[in-house]
Amino acid sequence: MAKNNLRVKSIKTKLILIMIALLGMTIFLIWSMNELFLPTYYQYTKISMLEEYFKKTNEIVKNDQDYINGSELLSDESTLMLEILSANNAANVYVFRLSEFFGNIFYTYVYPSSDKITDFQKERVKDKTLDYISGMEDDQSYYKSAKGKELIKDNGNYTVCKVWDKRIGSYYLELFGQLESGSFVYVNTNFQSMTENINIFNSFIFYVGLSVIVFGAIVMVFVSSGFTKPVLKLTEIAKRMSELDFEVRYPVTTQDEIGVLGSSINTLSETLEKTISELKSANNELQKDIEKKIQIDEMRKEFLSNVSHELKTPIALIQGYAEGLYDNINDDSASREFYCEVIIDEAVKMNKMVKKLLTLNQIEFGKNQLSYEHFDITEVVRQVINSAALLAEQKGAVISMPDYGAVYVWADEYMVEEVVTNYISNAVNHVAGEMKIDVHIEKMEDAVRVGVFNTGNCIPEEELDKIWIKFYKVDKARTREYGGSGIGLSIVKAIMNSMNRQCGVENRGNGVEFWFELDMKSF
């Protein structure tokens, strides 16, 4: 029991220390942000205010009809607007004109009027005007050499500087520029007060933070007890359950994480018996998986046997005819050409089968990357039909498709063309009776179904699901006749599975229809 008490105290201590560390870190981050970024942000805001003041002053002066018509002063309305801007932004603004007469420069004050400006203010405006004119003439070298002045921004129409005023011992920001009307504007605003505000704010944060940390630590002592007592109770219950005592229960009184944990422990003892039953079921599933693995191994063996069987005949033919050529069984050129044609034909069949097996293997194992495109399925089907038309004509069959307009789908165009080619080739090879092959495209809600129907013998119902299996042949004699390998439909199935779409086959009375579906929407 003593060990448990030590653990509880340890948890309390950790919670208190974590809380103090989080509060201290938060206060430190706030202090650091104030010290590092608030002055820069404040300066940026002040500069933006001065620039906005320049723009508004320019608009007011430019649109003042009295001033435009030759008045030396602005109208009462414009003067009021400038007074409001000055008061709201805690800035001093001076708008004035310069004129030269016999080598002397005269100042005409537009705002405020000359009678409202003190001699000290007038002298200051004159000094600033000479400073900025000198700075512009010297290509800004003035700002580099002038003590206590830092050029912050110069966009051609105005300059913004940070200036140290020795007389009052503080910084201020000033803007000097020329308006569109030709008048000059000088604006200054205090900057030093921000430093004092930051210091006051940081002191306030320090004392408030210290108070919050002390108060939080006291509160955490009581809060942590509320967490540790349920944990101690749950620890005791877990110990009794380890001794196979499943009658014990935790009294759930809250809906928080502790309450959920208590409910879970209560449920644990109730589900042990069910767990044993599930273990038995899992064992049965494992046995089934083992049997399935055995079946897969058998399928692998059967696959190798089928491949060997399919390759055995063409290899034997190639070997036999090659030996015949080597032994010069027939001397006439026609026989030799026949032997060569048989060898080439069988080699081509083997090559096609191997290529199909490789394609099927890549698709089934996900090595073939799909490239989804937005294309016209009608055009793809029509191109495949045109390619197969000659072969169908040789067999006396006709391939027909209604004159559909463009039907756009999202899929891998190359793979879809492979599916259509397999379907139409399969139809040409198995067409009989009326010798008709009909292709149709049907729009559904969000998909398109493409169907290929051929007249002829229906597929036995019990074999409809087997035709997608590699090397499975419903009519082996006929498949051998046109050189089929039983892989084409397996490729179709693998392609459609890779695109997560459906394909199938249905008997239609006088023939068979193969179909597949594609998405009309991207996702």
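Residues numbered from 1 in each chain as written. Predicted model: local features only at pLDDT ≥ 70, side-chain atom pairs only at ≥ 80, totals over all residues. Heavy atoms only, no water.

Digging into the sheet that holds strand β1 (residues 91-101)
Short version of the rule: When DSSP finds at least two bridges between two strands, those strands are taken to pair. Labels follow the DSSP assignment, with helices taken as runs of H or I lasting at least four residues and strands as runs of E lasting at least two, numbered in each case from the N terminus. Interaxial angle, 0 to 180 degrees, is taken between N-to-C directions of lines fitted to C-alpha atoms, where a helix line uses only the stretch in contact. In what follows, residue pairs with any heavy atoms lying within 4.5 Å of each other are defined as contacts.
Read across the sheet, six strands follow the order β2-β1-β6-β5-β4-β3 without closing on themselves; strand pairing throughout is antiparallel. The open sheet has two edge strands with one neighbour each: β2 (104-111) and β3 (149-154). Averaged over all adjacent pairs, the angle separating strand axes in this sheet is 25 degrees, with direction ignored. Across the sheet, helix α2 (residues 38-62) is in contact with β1, β3, β4 (158-165), β5 (170-178) and β6 (184-190); its angle to β5 comes to roughly 30 degrees.

Points about the packing of helix α10 (residues 377-394) against helix α11 (residues 413-430)
So the rule is basically this: Take the far helix as the reference: if the near one is turned anticlockwise from it by less than a right angle, the crossing is left-handed, and if turned clockwise, right-handed.
In the contact formed by α10 and α11, the axes pass within 10 Å of each other and the chain directions differ by 35 degrees. The chirality of how α10 crosses α11 is right-handed. Only Glu413, Val416, Glu417, Val420, Thr421, Ile424 and Val428 of α11 make contact with α10, whose side of the interface consists of Ile377, Val380, Val381, Val384, Ile385, Ala388, Leu391 and Ala392.

Thoughts on helix α13 (residues 488-498)
Where we set the bar: When a residue's accessible area, from a 1.4 Å probe over protein chains only, is under 20% of the maximum for its type it is buried; when over 50% it is exposed; and in between it is partly exposed.
The element α13 is extensively covered by neighbouring structure, given that eight of its eleven residues are classed as buried. Among the residues making up α13, those that are buried are Gly488, Leu489, Ser490, Ile491, Val492, Ala494, Ile495 and Met496. Of the residues one or two after α13, Asn500 is the one with positive phi, at around 60 degrees.

Observations regarding α10
How we decide: Every helix has an expected span of 1.5 Å times one less than the residues it contains.
When the terminal C-alpha atoms of α10 are compared, their 26 Å separation across 18 residues agrees well with the 26 Å that a helix rising 1.5 Å per residue should span. Along α10, the residues that are buried comprise Ile377, Thr378, Val380, Val381, Val384, Ile385, Ala388 and Ala392. A positive phi of about 85 degrees marks Gly396, the residue just after α10.

Considering the pattern of salt bridges
The test is simple: We count a salt bridge whenever a side-chain nitrogen from Lys or Arg sits within 4 Å of a carboxyl oxygen from Asp or Glu.
Considering all chains together, one arrives at ten salt bridges under this definition. Taking the shortest distance from any N to any O, the salt bridge between Arg449 and Glu517 comes out at 3.0 Å. Pair noted here: Arg449 is in strand β11 (residues 447-455) and Glu517 is in strand β13 (residues 511-519), with a separation of 68 residues, a long-range link. Salt-bridge contacts for Arg501 lead to Asp519; the nearest nitrogen and oxygen are separated by 2.9 Å. Highlighted residues: Arg501 in the loop between α13 and β12 (503-507) and Asp519 in strand β13, separated in sequence by 18 residues. Residue classification places Asp519 among the partly exposed residues on the basis of a relative accessible area of 25%. It is possible to trace a salt-bridge network through shared partners that takes in Arg449, Arg501, Glu517 and Asp519.

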